[in-house]
Amino acid sequence: MSADRKMLESLVCPQTHAMLSYDAERQELISKAANLAYPIREGIPIMLRDEARVLDD
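Residues numbered from 1 in each chain as written. Predicted model: local features only at pLDDT ≥ 70, side-chain atom pairs only at ≥ 80, totals over all residues. Heavy atoms only, no water.

S.K.: What am I meant to see in the overall build of the chain here?
M.R.: Broken down by element type, the chain carries 1 helix and 5 strands. Its helices and strands taken in sequence order, the chain reads α-β-β-β-β-β from the N to the C terminus. Taken along its principal axes, the extent of the C-alpha atoms in the chain is 25 × 20 × 20 Å. Taking as baseline every contact in the chain between residues at least 6 positions apart, the subset at least 24 positions apart corresponds to 23%. As displayed, the chain offers around 4000 Å² of accessible surface, 50% of which is attributable to carbon and sulfur atoms. Separation of charge centres in the chain, based on 7 positive and 10 negative side chains, amounts to 3 Å. (Helix = DSSP H or I, 4+ residues; strand = E, 2+ residues; numbered from the N terminus. Contact = heavy atoms within 4.5 Å. Areas by Shrake-Rupley, 256 points an atom, 1.4 Å probe, with all protein chains shown as cover. Lys, Arg positive; Asp, Glu negative; His and termini not counted. Charge placed at Lys NZ, Arg CZ, Asp CG, Glu CD.)

Shown next as structure tokens:
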């Protein structure tokens, strides 16, 4: 199941309220401001800090 692109574009980071970028390959929403990647599982964004992956930069 793929995520709805329009819905994803309307979401913001729950920590910083900054815009997110969509990584279709990894099925994640990226918050550069918080340095986190929120997973998308079965088309549903999981916007919880405990579920997010810290970005390797």
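S.K.: Explain the pattern of salt bridges here, please?
M.R.: Here the idea is simple: oppositely charged side chains can pair when their charged atoms come close. By the definition in use, this model includes 3 salt bridges. Salt-bridge contacts for Glu28 lead to Arg26; the nearest nitrogen and oxygen are separated by 3.8 Å. The network of salt bridges with common partners includes Arg26, Glu28 and Arg53. (Salt bridge = Lys/Arg side-chain N within 4 Å of Asp/Glu carboxyl O.)

S.K.: Would you mind going over the pairing of strand β2 (residues 28–31) with me for this structure?
M.R.: The side-chain alternation of β2 yields two buried faces, one formed by Glu28 and Ile30 and the other by Leu29 and Ser31. Where strand β1 (residues 21–23) and β2 come together, 3 bridges link them in antiparallel fashion. Across the sheet, residue Tyr22 finds its bridge partner in β2, namely Leu29. Hairpin connection between β1 and β2: a loop of 4 residues separates the two successive antiparallel strands, and Gln27 in this loop has a positive phi of roughly 55 degrees. In terms of strand pairing, β2 meets strand β3 (residues 36–41) through 4 bridges, oriented antiparallel. Bridging across to β3, Leu29 finds its partner in Tyr38. (Buried < 20%, exposed > 50% of the residue type's maximum accessible area, 1.4 Å probe, protein only. Pairing = 2+ DSSP bridges.)

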